[in-house]
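Structural description and commentary
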Amino acid sequence: MGRFNLEISKPSEPALTTSTSRSETVNGSHEFMIAGYSLSKGIGIGKYVASDTFMVGGYDWAIYFYPDGKSAEDNSTYVSLFIALASEGTNVRALFELTLLDQSGRERHKVHSHFSRALESGPYTLKYRGSMWGYKRFFKRNALETSDYLKDDRLQIRCCVGVVKSRTEGPKIYCIPLPPSDIGQQFGKLLKSGKGTDVNFEVDGETFSAHKLVLAGRSPVFRAQLYGPMKDLSTRCIKVEDMKAPVFKALLHFMYWDSLPDMEELTGMNPKWASTLMSQHLLAAADRYGLDRLRLLCEAKLCEDVAINTVATTLALAEQHHCFQLKAVCLKFVALPENLRAVMQTDGFEYLKESCPNVLTDLLEYVARINEHSIATGKQKTEDILDGSDANGRRVKQRLT
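Below is a summary of the structure that appears in this document. (Residues numbered from 1 in each chain as written. Predicted model: local features only at pLDDT ≥ 70, side-chain atom pairs only at ≥ 80, totals over all residues. Heavy atoms only, no water.)

What about the side chain of H211?
You can see H211 is positioned in the loop between β12 (206–210) and α5 (212–218). Residue H211 is classed as buried on the basis of its relative accessible area, which comes to 8%. In contact with H211, other than residues within four places in its own chain, are L190, L191, K195, G196, T197, D198, V199 and Y256. (Helix = DSSP H or I, 4+ residues; strand = E, 2+ residues; numbered from the N terminus. Buried < 20%, exposed > 50% of the residue type's maximum accessible area, 1.4 Å probe, protein only. Contact = heavy atoms within 4.5 Å.)

Structure (structure tokens):
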């Protein structure tokens, strides 16, 4: 008789899933000034002055101040202060804080805070519009009127509201990774392919083909030139004056790719010189064609590459094209005593004097500031020494001669 083994597999354990309930407050505050407090007295028990409504957590709120008290049993001995739900809502849960501000400047405010008691009693629930939280006996009226809370017949009240919002977070069933935008690459490939080009530019003996719509979408100057009322009648070949071919090529690269090209590859020059020289020319081109982002990229590059041999030319460009941040960086660099004489001996400084003489006045101001600082520092050190300290701040014994 044969034998067989019967194996009963155990049921697999169900997969564990998790979820989280998160409760947090949406906070907001409002300051309410009561000017002419004395004139509000005597309006009657249960009568109030109210603030304008303000919104916190999707609900409207208002502050109610009762100069003669809210209830008859207090016999006008106390002033009452409340915060009320001023919009439609049911079972709105919130934390509150009512503060009477000390106007003496000593920061001794009278604070009644529900926030600090949240762990003990939890949020307060307002069941419908008009529901209130506050104090019938907020402050004795006689004490209030002789305190620093009342100044120039004015009271200042601050109310903080924290509306409780709850949500449950579970596992995300679907999570589809999103690739970064590649629109620049798509347009760049279009330029590289040469397909569909409908305008040509002649720059310094070279011809570049492009797409009218792309140029018009990127540059207000090209938009006017290609589609405006003063557009060129023939766009078969537009001649661009006063620009080198590599600069225009870099300009087109940015307009399609939205990034700067490899300057060394474009110019065949040393990376440092290529970056500075092309950034200078591109800055002027960006200003010419209204490309603000390209202009800022060039400014940032030139700020990083400030050097003795190039700073004067960069300073002239910054002045001519209203690049105030770049101008300030250049002025500070040139005005340093260790840089000034060397910069003044460069060809760029001669160009700066001829093209932007007004900048020399700005430069003198920077030099004066540095000198004033140096004099002040030296004077302080001298006073320290005369006061019994050496130049390093150590106390020394003074000898009689």
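Focus: the sheet that holds strand β13 (residues 238–240)
If you trace the three strands from one edge of the open sheet to the other, you get β12-β11-β13, paired in mixed fashion. With partners counted over all chains shown, the strands left at the sheet margins are β12 and β13, one partner each. Within the sheet, the average angular offset between the axes of one strand and its neighbour, ignoring direction, is 30°. In terms of strand pairing, strand β11 (residues 199–203) meets β13 through three bridges, oriented parallel. Counterpart to F201 in the pairing with β13 is I238. The sheet contacts of helix α7 (residues 245–257) involve β11, β12 and β13, and relative to β12 the element is tilted by about 10°. (Pairing = 2+ DSSP bridges. Axes fitted to C-alpha atoms, helices over the stretch in contact; angles between N-to-C directions.)

Side note on the pattern of salt bridges
Scanning all chains against the criterion turns up 14 salt bridges. R106 serves as the salt-bridge partner of D148, at 2.2 Å between the closest nitrogen and oxygen. Remark: R106 occurs in the loop between β6 (92–100) and β7 (110–113) and D148 occurs in the loop between α3 (141–145) and β10 (154–169); sequence separation between them is 42 residues. Overall, D148 belongs to the partly exposed group, its relative accessible area being 35%. With its nearest N and O atoms 3.0 Å apart, the salt bridge here joins E169 to R167. (Salt bridge = Lys/Arg side-chain N within 4 Å of Asp/Glu carboxyl O.)

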